[in-house]
Amino acid sequence: MSETSDSAAPDEKRALLQVAMQKRAKRWAAARGGLVTLLTSLEEEWPHAFAVPAGQLGGAGVPRPWVPSGTSDREVVRAYKRASFFLHPDRLAAAGRDTSVVVEAEEVLKVLTEAHADRSGWLTDAASGAQRSPPAAAARAAAEGFAARAAAAAAASAS
């Protein structure tokens, strides 16, 4: 009888952890928004899963491979793939990480995969519900607006 209860205990623990982590991961996704904001907040929100890789990378000033360096599709996909690599449950289990960390990583990876599938929402900010402008696009729009205002002012002063 103890053999059955011993094998059932880890399964029960895992099931309880899954329920708890799934709820937390869903709340995190709803609060943050699209894929870019999720990737940016990974280490802050899920420190247990990222303690080892972050420690291997070094201090706070070192760029994190799971944080996109920009908002181009290529940069976002690269960061998503790196996050998936670091969060892969089989990789964490093989490294001897605790069951709670493995389950946490599974649930976070599920949320990231859902966000990755919704390409139109990659830049969505949950706080405003609006698409965030990529930095380059925002700078270009500001420059175009400045050029248009300068041309209008020049035309007004010429007449």
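Please refer to the structure higher up on the page.
About the criteria used
Residues numbered from 1 in each chain as written. Predicted model: local features only at pLDDT ≥ 70, side-chain atom pairs only at ≥ 80, totals over all residues. Heavy atoms only, no water. Salt bridge = Lys/Arg side-chain N within 4 Å of Asp/Glu carboxyl O. Helix = DSSP H or I, 4+ residues; strand = E, 2+ residues; numbered from the N terminus. Buried < 20%, exposed > 50% of the residue type's maximum accessible area, 1.4 Å probe, protein only. Core = buried A, V, L, I, M, F, W, Y, C linked by side-chain atoms within 4.5 Å. Contact = heavy atoms within 4.5 Å. Arc of directions from axis to C-beta.

1. As for the pattern of salt bridges
Enumeration over the complete set of coordinates arrives at 8 salt bridges. Between Arg24 and Glu45 there is a salt bridge, and its shortest N-O distance comes to 3.7 Å. You can see Arg24 sitting in helix α1 (residues 2-32) and its partner Glu45 sitting in helix α3 (residues 42-45), a full 21 residues away along the chain. Arg32 serves as the salt-bridge partner of Glu45, at 3.4 Å between the closest nitrogen and oxygen. Separated by 13 residues along the polypeptide, Glu45 in helix α3 and Arg32 in helix α1 bring together distant segments of the chain. Taking relative accessible area as the criterion, Glu45 reaches 21% and is therefore assigned partly exposed. The network of salt bridges with shared partners includes Arg24, Arg32, Glu44 and Glu45.

2. What about the nonpolar core?
If you look at the biggest cluster of nonpolar residues, it comprises 33 residues, and the most contacted ones within it are Trp28, Leu35, Leu39, Leu42, Leu87 and Leu112. Mapped onto this core, the elements with two or more residues apiece are α1, α2 (35-40), α4 (47-57), α5 (73-87) and α7 (99-117). With 9 residues, α7 is the single largest residue contributor to this core. Apart from residues lying up to four places away in sequence, Leu87 is in contact with Leu42, Ala49, Phe50, Leu92, Ala105, Val108, Leu109 and Leu112.

3. Some details on α4
Regarding α4, the residues found buried are Ala49, Phe50, Pro53 and Ala54. The buried residues of α4 occupy an angular sector of 105° when the element is viewed end-on, so they sit on one face. When the buried face of α4 is taken as reference, the exposed residues oriented beyond 90 degrees from it are Gly55 and Gln56. Buried positions along α4 lie against α3, α5 and α7. Count one or two residues on from α4 and you reach Gly58, which has phi positive near 120°.

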